[in-house]
Amino acid sequence: MSWYTEQWSEDCKFSVGYEKHLHSEKSPFQQIDFYEGKEFGTFFTLDGLMMVNEKDEFIYHDMIVHPAFATNPDIKKVLVIGGGDGGTAREVLRYPGVEHVVLAEIDEQVFRLCQQYLPITAAGVEEDARMELAFGDGLAYVQNAPDASFDLILVDSTDPVSVGEGLFTTAFYKECYRVLNDKGILINQHESPYFSEYAENMKKARTKIKQIFPVARVYQYHMPTYPSGHWLFGFASKSLDPLKDADADVWNAIGLKTKYYNTDLHVGAFALPTYVQEALDSE
Ligand code: SAM
């Protein structure tokens, strides 16, 4: 067995054993690696950071998608930015009411390699007639999209460095506000409160989003393979509140089986630990 290791902070590392290094290449955008191990199954990394693995991907993909649909079950038009592994689109496509999903992923090679090595997230996504693949920069995509053209934007991005940087800017959030309709919801990868570098990113994202959206909340989930295991999504909307407007009975009546998300957890996820709430409020 060999070890994949990534740096979580200056003096903290995380390692996962693997049996096979399935693939390694440098795309025009980032270093892409796929591994196969026992504990987490097949997993892939971008620039030396864990992105998706077979064992805990359900946590991330449940939590990026379902809270928005529980708040507005009438979502029809969805923009996924990043998300090249297909897992976010997979969950969105489970809703029969969804009519059109655009995947704006900058790196087509991530999408193609996930089709080959990670069918758990990628299988069937491209074949769904409601899908539109728009490979390119997510910021450029929203800049060119018409006003009020989406019900939901899901930002399934890497961290705010390199290609992901533009997806954490005020200019990007303003464009998201413009392309969302009156009930529009923006869910974004909101980093982590624990290690200082990630916590700084969390605070910066919060400051920018709450200047633009009248509803700007943060919710948490537990992700074993991301730094510290404690991660956040941002929930921003022009008008809908994720607690007041979510109707548990309506969502449960849709009948989706989920392994992590449920409507009790939906309420609890918005209750943040004191140190996290204080850090967010300090901005
Ligand atoms: N779940 C992961 C996480 O939070 O670590 C992220 C999944 S990974 C598939 C994120 C994707 O965002 C990558 O495939 C990357 O290529 C894409 N991405 C990064 N910056 C982007 C940009 N500016 N526009 C579109 N996609 C971008």
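Residues numbered from 1 in each chain as written. Predicted model: local features only at pLDDT ≥ 70, side-chain atom pairs only at ≥ 80, totals over all residues.

**Quick notes on helix 6 (residues 170–179)**
Next, step 1: Taken as a whole, helix 6 has its buried residues at Phe172, Tyr173, Glu175, Cys176, Tyr177 and Val179.
Next, step 2: Looking at the packing, one finds that the buried side of helix 6 touches helix 5 (138–144), strand 10 (150–156), strand 11 (180–189) and helix 7 (196–212). (Buried ≥ 20, exposed ≤ 12 C-beta atoms within 10 Å, placed from the backbone. Helix = DSSP H or I, 4+ residues; strand = E, 2+ residues; numbered from the N terminus. Contact = placed C-beta atoms within 7 Å.)

**What about the site of the ligand?**
Next, step 1: Close to the ligand lie 26 residues, the nearest being Gly82, Gly84, Ile106, Asp107 and Gly138.
Next, step 2: Only strand 6 (49–53), strand 7 (77–82) and helix 5 provide two or more residues apiece to the shell around the ligand.
Next, step 3: Per-class residue counts for the shell around the ligand are 12 nonpolar, nine polar and five charged.
Next, step 4: Each of domain 1 (2–53) and domain 2 (57–243 + 261–281) contributes no fewer than three residues to the shell around the ligand. (Near = placed C-beta within 6 Å. Nonpolar A, V, L, I, M, F, W, Y, C, P; charged D, E, K, R; others polar. Domains from an automatic or database assignment.)

**Some details on the UniProt feature "active site" (unreviewed entry) in the protein**
Next, step 1: Taking the UniProt record as the reference, the feature "active site" (unreviewed entry) is found at Asp156.
Next, step 2: Tracing the chain through its elements places Asp156 in strand 10.
Next, step 3: Classification of Asp156 as buried rests on a count of 27 C-beta atoms within 10 Å. (UniProt positions renumbered as here; feature names shortened; annotations may be inferred.)

**Some thoughts on the domain arrangement of the protein**
Next, step 1: You can read the domains of the protein as domain 1 (2–53) and domain 2 (57–243 + 261–281).
Next, step 2: Summarising the inter-unit geometry, the C-alpha centres of domain 1 and domain 2 are found 22 Å apart.
Next, step 3: Contacts between domain 1 and domain 2 engage 18 residues on the former and 19 residues on the latter.
Next, step 4: Elements with a minimum of two residues in the side of domain 1 that touches domain 2: strand 1 (2–9), strand 3 (20–26), strand 4 (31–36), strand 5 (42–46) and strand 6.
Next, step 5: Of the residues assigned to the side of domain 1 that touches domain 2, the class counts are 11 nonpolar, six polar and one charged.

**Concerning the nonpolar core**
Next, step 1: Grouped together as the largest cluster of nonpolar side chains are 78 residues, with contacts concentrated most on Val78, Val80, Ile153, Leu154, Cys176 and Ile187.
Next, step 2: The biggest single contributor to this core is helix 1 (residues 57–71), with seven residues.
Next, step 3: Two domains share this core, each providing at least three of its residues, namely domain 1 (2–53) and domain 2 (57–243 + 261–281).
Next, step 4: When residues no more than four places from it in sequence are discounted, the contact partners of Leu154 are Ile64, Val65, Val78, Val80, Gly83, Thr88 and Ile187. (Core = buried A, V, L, I, M, F, W, Y, C linked by C-beta atoms within 7 Å.)

**Some points on the UniProt feature "binding site: spermidine" (unreviewed entry) in the protein**
Next, step 1: The positions UniProt marks with the feature "binding site: spermidine" (unreviewed entry) are His61, Asp85, Asp156, Ser157, Thr158 and Asp159.
Next, step 2: In this view, His61 contacts Gly87, Thr88, Arg90 and Glu91; residues no more than four positions away in its chain are not counted.
Next, step 3: Looking at the secondary structure, you find Ser157 in the loop between strand 10 and helix 6.
Next, step 4: The class for Ser157 is buried, based on 21 C-beta atoms found within 10 Å.

**Section: the packing of helix 6 against helix 7**
Next, step 1: Interaxial distance between helix 6 and helix 7 falls to 10 Å at its minimum, and their mutual angle equals 35°. As helix 6 packs across helix 7, the resulting crossing turns out to be right-handed. Residue-level contacts link Thr170, Tyr173, Lys174 and Tyr177 of helix 6 to Lys208, Ile209 and Ile212 of helix 7.
Next, step 2: Across the contact of helix 6 with helix 7, the residue classes break down as four nonpolar, one polar and two charged. (Axes fitted to C-alpha atoms, helices over the stretch in contact; angles between N-to-C directions. Left-handed = near helix turned anticlockwise from the far one by under 90°.)

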